[in-house]
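Each chain is listed here by its residues.
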Amino acid sequence: MTPDYLRTLVVTGSELAPWLQAVAELRIRVFRDFPYLYDGSLEYERNYLQTYVESGTAVCVLALDGDRVIGASTGLAMTDETEEFRQPLVEAGLDIDSVFYCAESVLLPDYRGHGLYRAFFDEREAHASRLGKTLSVFCAVQRPENHPLKPKDYQPLHAVWARFGYNPMPEIQATFPWKDIDQPVETDKSLMFYRKYLDR
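Undergrad: Explanation requested: the pattern of salt bridges in the structure shown.
TA: Opposite charge on two side chains allows them to pair when their charged atoms are near. Under the defined criterion, the tally for this structure stands at nine salt bridges. In this structure, the salt-bridge partner of Arg27 is Glu45, at a minimum N-O distance of 2.3 Å. Here Arg27 is found in helix α1 (residues 20–31), whereas its partner Glu45 is found in helix α2 (residues 42–54), with 18 residues between them in sequence. Side by side, Arg27 and Glu45 carry an identical accessibility label, which is buried. Between Glu125 and Lys196 there is a salt bridge, with its nearest N and O atoms 3.0 Å apart. Of this pair, Glu125 sits in helix α4 (residues 116–130) while Lys196 sits in strand β7 (residues 186–197), and the two are 71 residues apart along the sequence. Looking at Glu125, the relative accessible area reads 9%, which means it is buried. What emerges from the salt-bridge pattern is a single network uniting Arg27, Glu45 and Glu104.

Cut-offs and rules
- Residues numbered from 1 in each chain as written.
- Predicted model: local features only at pLDDT ≥ 70, side-chain atom pairs only at ≥ 80, totals over all residues.
- Heavy atoms only, no water.
- Salt bridge = Lys/Arg side-chain N within 4 Å of Asp/Glu carboxyl O.
- Helix = DSSP H or I, 4+ residues; strand = E, 2+ residues; numbered from the N terminus.
- Buried < 20%, exposed > 50% of the residue type's maximum accessible area, 1.4 Å probe, protein only.

Given below as structure tokens:
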């Protein structure tokens, strides 16, 4: 159960603009952790998030402690996503027009376990259904079991995603580059798709 002092706020399009800086800073902070190990920049994040400000299908679910952004979750129609994420689904024979892409969810560690992660999925799926989408998908980076930066207490989220109704599609993977915190340059990463059919 979510405590009373926490709330979610759903914003679309230009409504995200006032929150863009806070969401960008949050993404950089959370994605530094395993398994993403992302060494990001505010400039890149602001440019990336501008897509959601300008897209007519995008949604951002903000998690707030008072007025402080402590979590954020984004999504948009797959037709508005970049080719790196669209093309693997096209090649797999899926109808892209029916697909909603749950892009990323970030939540500060101290606020996990309070139902906010489920709210992220619920709100994005509701938005997808309003758009007439029947399939919700997201990607998760694939890291080797023996990765040197993997924490000893790391718990993967596969069981959580399964509980929310998302099943892996190991045969469909995207490739996307970013710079790891322990590497000098960007390298390509493999990301596996997960999917859930939505009720209409």
